[in-house]
Amino acid sequence: MKGFLYNAAAFLLIWIFIFSALYAVIPRKYYASYEYELQTTLYKKITVGGLKGNVIIGDSKTQLGLDARNLHATNLCMGGVSPVEGYYQLRLLLQNPTNNVDTVFISYTLTHLVSQYFFYTGSYYNGIIPTNYLDSVRVLARQYNDENYVLSHSDFSTPLDIAFNDPVLSSKIRVVKDFVIGGLNSAYVYLRNNSSPLAFTGTSHPINGNTQLTYGRVVGLSTDSVLYKRSAEKPLYEEELLNIKASVVNKIYLQKMLDLCNEKHIIAIFIMMPSPRSAADGMLDKQVAELDKQFGKNLIYDTAFYSDANFRDQGGHLNVFGVQKFQEFILKNLYR
């Protein structure tokens, strides 16, 4: 029995050593989500500087559904983010004197204007935005009793996150867990070709952070041309917001983005991406009315009906047909 326990302990220690060595050597982009690599690339471009003309800052609806080339812009959109991350991104962009920005196109869907999805499992987890900035957002949320930023109420938070109630510690644990789960595959990919990580597995075309900057939007997704199909079991993300109180924090940070643009004498234009018709239409109409008060003539919103055939998933992301329709609207109304 002692021999068995000794061998088991030795075997376990060997595997711990192997995984620890791999964890120390293999870059995180090999086992993190594609958004991590995408965000790393975009923040690096902002920091390095040299960006000129127009930029787009927003979430995945714009990332996937807006061709930045038609706006003569650089697409800096990131999936799952809200104006909280957008303000930090914009501030970093304008702090760099080599970035010469004329117009900032801001675009967030209803989901990320009135709630938050990936503040903990995205922003804290990726570790790109400084922790002190994210912590200050939590302080503001407590001041305004914004329950969207309560860790226990946050989407995708695990019992472990809630037990620790420490997003920094939880994010570190999640990083190690993700590495251990995909460690051997990460090692295989890294050793096979450490210059070309599979940044977006499960699709027909691997994506890295340069793709959207080259082609104007994230293309090549395996579901890009799949028609949207509504089902009672899977409500739209926006319909899940019907019973929540809209985020005060997000509203404050959207205004901070607008104020920063005004301070720097930069034009700020808000683009509201199309949404499928749903039970959340009333919330959407109210949000558009509020945006109209903030941005006035600089609000772009297509009131035309977009059928289910224009969307590709429950998140309300446009497919190739929806993208084409919205581009025609943008070109007609923005440059009229």
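Structure: see above.
Heads up: these notes are all about the structure in this document. (Residues numbered from 1 in each chain as written. Predicted model: local features only at pLDDT ≥ 70, side-chain atom pairs only at ≥ 80, totals over all residues. Heavy atoms only, no water.)

Here we look at the pattern of salt bridges
According to the stated counting rule, one finds two salt bridges in the structure shown. Residue D313 pairs with R312 through a salt bridge whose shortest N-O separation is 3.6 Å. (Salt bridge = Lys/Arg side-chain N within 4 Å of Asp/Glu carboxyl O.)

Notes on the environment of M283
Positionally, M283 belongs in helix α12 (residues 281-295). Overall, the relative accessible area of 23% leaves M283 in the partly exposed class. Sequence-wise, M283 and A246 are 37 residues apart; in three dimensions their C-alpha atoms are separated by 9.6 Å. With near-sequence residues (within four places) excluded, M283 lies in contact with L110, V114, L241 and L242. (Helix = DSSP H or I, 4+ residues; strand = E, 2+ residues; numbered from the N terminus. Buried < 20%, exposed > 50% of the residue type's maximum accessible area, 1.4 Å probe, protein only. Contact = heavy atoms within 4.5 Å.)

With respect to the sheet that holds strand β2 (residues 73-75)
Pairing between the strands of a sheet comes from backbone hydrogen bonds, and it takes one of two forms, parallel or antiparallel. Spatial ordering of the open sheet is given by β2-β1-β3-β4-β5, a layout of five strands whose pairing is parallel. What marks the edges here is a single partner per strand, and that holds for β2 and β5 (299-301). Pairs of neighbouring strands in the sheet enclose a mean axial angle of 25°, with direction left out of account. Strand direction decides the pairing type here: strand β1 (residues 52-58) and β2, joined by three bridges, are parallel. Residue pairing for β2: V55 is matched across the bridge by T74. Together, β1 and β3 (100-107) form the strand contacts of helix α4 (residues 83-95), whose direction differs from that of β1 by roughly 165°. (Pairing = 2+ DSSP bridges. Axes fitted to C-alpha atoms, helices over the stretch in contact; angles between N-to-C directions.)

Honestly, that's just the spatial picture; any functional story needs more than this.
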